[in-house]
Amino acid sequence: MLEIIKEPWPWYIAGPLIGLTVPALLILGNKSFGISSSLRHICAACIPANVNFFKYDWKKESWNLFFVLGILFGGMIASYFLINPGEVLVNPKLKAELATYGITDYSNLVPTQLMNFESLLTLKGFILIVVGGFLVGFGTRYAGGCTSGHSIMGISNLQWPSLVATICFMAGGFLMANVILPIILSL
């Protein structure tokens, strides 16, 4: 059984399981699925500032904090018990392209040549880690939610703004992966 769990699950198994979270949350508690709202709940609970954005009854949404803690602990458990001792499998064509940018280490999920404290002090690392993190946070706030909230919950509820947001997420991802990232990696 452990070997089945360790293998990547095909889309036709993983997709429906993720999709079933939407009706489960709606049926069991009339709750919406989304991860980015958890940061707002944490800030509302921990920061006693006089900011209107954080003035609401965050205790009604405390289930979301337990959900995010479950994701955190689930990730920790998976990284300890289900870790793949071999290299991350990458398409040979992509490996050849990434090698031209100096990325050759596939021992972790994220290449260590890009994401480490030393690269944070380089222009490339600063752009990828700091600027990229800021843009993800800004985009999440500007779109009124993250990819999980819009793409999984919003589209399944037939919300037009979520469809627009998801199309923008996808277009931005394609633009980043195919145009902007190669420029940054060549710095």
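Residues numbered from 1 in each chain as written. Predicted model: local features only at pLDDT ≥ 70, side-chain atom pairs only at ≥ 80, totals over all residues. Heavy atoms only, no water.

The name an unreviewed UniProt entry gives the protein chain is YeeE/YedE family protein, with Chryseobacterium piscium as the organism. As stated in UniProt under Sequence similarities (unreviewed entry), the record for the protein chain gives "Belongs to the TsuA/YedE (TC 9.B.102) family." (UniProt positions renumbered as here; feature names shortened; annotations may be inferred.)

Draft legend 1. Representation of the packing of helix α3 (residues 21-29) against helix α8 (residues 147-156). Contact geometry for α3 and α8: axes closest at 10 Å, N-to-C directions at 65°. Relative to α8, α3 is oriented so that their crossing is right-handed. Only Ile152, Met153 and Ser156 of α8 make contact with α3, whose side of the interface consists of Thr21, Val22 and Leu26. Considered class by class, the residues forming the contact of α3 with α8 number 4 nonpolar, 2 polar and no charged. (Axes fitted to C-alpha atoms, helices over the stretch in contact; angles between N-to-C directions. Helix = DSSP H or I, 4+ residues; strand = E, 2+ residues; numbered from the N terminus. Left-handed = near helix turned anticlockwise from the far one by under 90°. Contact = heavy atoms within 4.5 Å. Nonpolar A, V, L, I, M, F, W, Y, C, P; charged D, E, K, R; others polar.)

Draft legend 2. Geometry of the packing of aromatic side chains. The tally for this structure, following the rule as stated, stands at 6 aromatic pairs. Ring geometry for phenylalanine 53 and phenylalanine 54: centres 5.3 Å apart, planes at 65°, overall edge-to-face. With a relative accessible area of 29%, phenylalanine 53 lands in the partly exposed category. According to the relative accessible area criterion, phenylalanine 54 is partly exposed, its value standing at 22%. Taken together, the ring pairs connect Phe134, Phe138 and Tyr142 into an aromatic cluster. Positioned above the aromatic ring of tyrosine 56 is the side chain of arginine 40, whose terminal nitrogen or guanidinium carbon lies 4.2 Å from the ring centre. (Phe/Tyr/Trp six-rings, centres within 6.5 Å; stacked < 30°, edge-to-face > 60°. Buried < 20%, exposed > 50% of the residue type's maximum accessible area, 1.4 Å probe, protein only. Lys NZ or Arg CZ within 6 Å of the ring centre and 35° of its normal.)

Draft legend 3. Geometry of the nonpolar core. Grouped together as the largest cluster of nonpolar side chains are 7 residues: Leu98, Ile103, Tyr106, Leu114, Leu128, Ile184 and Leu185. Apart from residues no more than four positions distant in its own chain, leucine 128 is found in contact with Leu114, Met115, Gly133, Leu181, Ile184 and Leu185. One finds Val22, Leu25, Phe33 and Trp63 within the second-largest nonpolar core, a separate group that totals 5 residues. (Core = buried A, V, L, I, M, F, W, Y, C linked by side-chain atoms within 4.5 Å.)

Draft legend 4. The arrangement of the pattern of salt bridges in detail. Using the criterion set out here, one finds 1 salt bridge in the structure. Across the salt bridge formed by glutamate 87 and lysine 95, the nearest N and O atoms sit 3.3 Å from each other. (Salt bridge = Lys/Arg side-chain N within 4 Å of Asp/Glu carboxyl O.)

Draft legend 5. Region of the structure containing a nonpolar patch on the surface. A contiguous nonpolar surface patch, about 1,200 Å² in accessible area, is contributed by Met1, Leu2, Ile4, Ile5, Trp9, Trp11, Tyr12, Ile13, Leu17 and Leu20. Of all the elements in the fold, those that place two or more residues in the nonpolar patch are α1 (2-6) and α2 (11-19). Ranked by residues supplied to the nonpolar patch, first place goes to α2 with 4 residues. Considering the arrangement of structural elements, one finds leucine 20 in the loop between α2 and α3. The exposed category is assigned to leucine 20, whose relative accessible area is 53%. (Patch = residues over 30% accessible without salt bridge, like charges linked within 9 Å, V, L, I, M, F, W, Y side chains within 5 Å. Areas by Shrake-Rupley, 256 points an atom, 1.4 Å probe, with all protein chains shown as cover.)

Draft legend 6. Spotlight on the packing of helix α4 (residues 37-46) against helix α5 (residues 62-81). At a minimum axis distance of 9 Å, the contact between α4 and α5 shows a crossing angle of 115°. Of the two elements, α4 crosses α5, and the hand of that crossing is left-handed. In this structure, α4 contributes Ser37, Ser38, His41 and Ile42 to the contact, and α5 contributes Asn64, Leu65 and Val68. Along the lines of polarity and charge, the residues of the contact of α4 with α5 split into 3 nonpolar, 4 polar and no charged.

Draft legend 7. Representation of the domain arrangement of the protein chain. The domain boundaries assigned to the protein chain delineate domain 1 (1-82) and domain 2 (113-186). Taken over C-alpha atoms, the centre of domain 1 sits 19 Å from the centre of domain 2. Counting residues at the interface gives 11 residues for domain 1, matched by 10 residues for domain 2. Around 730 Å² of area is buried between domain 1 and domain 2 when both sides are counted, 76% of it from carbon and sulfur atoms. (Domains from an automatic or database assignment. Buried area = accessible area lost by both parts, 1.4 Å probe.)

Draft legend 8. Region of interest: helix α7 (residues 123-143). Over its 21 residues, α7 extends 28 Å from the first C-alpha to the last, a length consistent with the 30 Å expected when each residue adds 1.5 Å. Glycine 132 marks the point of greatest bend in α7, at about 30°. All buried positions along α7 are accounted for by Gly125, Leu128 and Thr140. If you follow the buried residues of α7, they end up packed against α9 (160-185). (Expected span 1.5 Å × (residues − 1). Bend = angle between axes of the 7 residues up to and from the residue.)

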